[in-house]
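# Summary of the model geometry
Read off the chains here:
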Amino acid sequence: MSSPFLDRLAEGPLLADGAMGTLLYQHGASFAESFDGLNLSNPALIESIHRDYLGAGAGLIETNTFGANAIRLAPHGLQEEVRKIARQGVKVARAAREIVGIDAFVAGSIGPLGKPLEPFGHISVPEAEKYFRATAEGLLEGGCDCFILETFQDLNEILAALRAVRGLTLDVPVIAQMTFGDDGKTYYGHTATLAVQMLRQAGAAVVGINCGLGPQPTLEVLEEMVRAAEGTPISAMPNAGLPQMVDGRYVYLSSPEYFADFAARAAEMGVRIIGGCCGTTPAHTRAM
C-alpha cells in the first residue's frame, strides 16, 4: 500500500495528539452525555480542542468518534446517528486543520463496542462487524486520511473492526492499537507478539499500543512489539500514568516533561507514531 500518510511515516516519527475525553471533561462536558454526540451538538468545542493540539505541534489528530457505534450511542438515543456523528467528526477535525493551516493528518477513531463479543458476551462477530462498518462508512464519507482502531482488549474484536474497514476500502491505511496490562498481555491474555502478528496478517498498516499503561511500562511492551513487527510501523500512545485520587478527584500525574523523555526514547526504538491517551493534554503534546 502507498499513501501520503505511509510516505510520511517512512520519513521519520510523526507526533500524534493526546486525550479528547480529558479535555472535554475539563471544558465542562458531563460523563452523563455522549462525548461523540458533541460532534453534532457542540462542534465548536471539539474544533477548539483539535486546534489546541495542532497548535501544540501534532501532525496527526484523531476524530472525536471513539464511541460512535450503535451500542455505545443507544443509551443516549443516538443509535441511528452513527454515520452522521462519524462523518461530522471528520469534518470538524478537517475544519480545525484548515483554520490552523497545518498540513496534519486526520485519523478516524474507532473504539470497542463497549460490550463483549461471544463467547464472553452476546454480540456475535458478524454483528460486531456490522456495527463497526457503520462507523467506518461515516468516517470515509467525511474524508479521513487513515483509520485508528484503539483501546481494544480483545483480539477477536479488533480483527472484526479491521475486517469491517477492509471490506469498505483497501486504500485508506489502518492503525490498529491494543491495550496491555503490566504483565504485557491484554485483559483476554493476548501477548503483544501475537497481536502484532495477527494484525499485520489482517492488513493493518501500523500496529501499536495505547491507553492502559503509563510511559515506562509502555516502553517495555514496545520492545516486544518492535521485534515482532519486522519492519511494520509501530505506534505508541500511553496514558499519563494511572489515575490517582487527589483531593477527592482522580487526576493523572505524569508530567509533560516525563512524556518528552518517553517520546525521545520511543523514537530511538524506531516507533513511528508517538502520542498520548487518557490524561494527556496539549501541554504533553508540546513537550513531546
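Presented here is an overview of the structure given in this document. Please read these numbers as outputs of a predicted model, since none were measured by experiment. (Residues numbered from 1 in each chain as written. Predicted model: local features only at pLDDT ≥ 70, side-chain atom pairs only at ≥ 80, totals over all residues. Heavy atoms only, no water.)

### Topic: the pattern of salt bridges
Within this structure, the stated rule accounts for 8 salt bridges. Ionic pairing is found between Glu137 and Arg83, a salt bridge with its closest N-O pair at 3.4 Å. With a gap of 54 residues between them, Glu137 in helix H7 (residues 125-142) and Arg83 in helix H6 (residues 82-100) connect regions that are remote in the sequence. Overall, the relative accessible area of 23% leaves Glu137 in the partly exposed class. For the salt bridge of Arg97 with Asp145, the shortest nitrogen-to-oxygen distance reads 3.0 Å. In this pair, Arg97 is assigned in helix H6 and Asp145 in the loop between H7 and strand S4 (146-152), connecting sequence segments 48 residues apart. Judged by relative accessible area, which is 14%, Arg97 ranks as buried. Among the residues examined, Asp145 registers a relative accessible area of 25% and is labelled partly exposed. Through salt bridges that share partners, Arg83, Arg87, Glu137 and Glu141 make up one connected network. (Salt bridge = Lys/Arg side-chain N within 4 Å of Asp/Glu carboxyl O. Helix = DSSP H or I, 4+ residues; strand = E, 2+ residues; numbered from the N terminus. Buried < 20%, exposed > 50% of the residue type's maximum accessible area, 1.4 Å probe, protein only.)

### A look at the nonpolar core
Grouped burial of nonpolar side chains is what soluble globular proteins tend to show. Ranked by internal contacts, the top residues of the largest apolar core, which has 70 residues, are Leu24, Phe132, Phe147, Leu149, Leu199, Leu222 and Met225. In terms of residue count, helix H8 (residues 155-166) provides more of this core than any other element does, 8 residues in total. What Phe132 contacts, discounting residues up to four positions off in sequence, is Ile110, Gly111, Leu113, Phe152, Glu157, Ala160, Ala161 and Ala164. Of all hydrophobic cores here, the second largest spans 15 residues; its members include Leu6, Phe105, Cys146 and Met237. (Core = buried A, V, L, I, M, F, W, Y, C linked by side-chain atoms within 4.5 Å. Contact = heavy atoms within 4.5 Å.)

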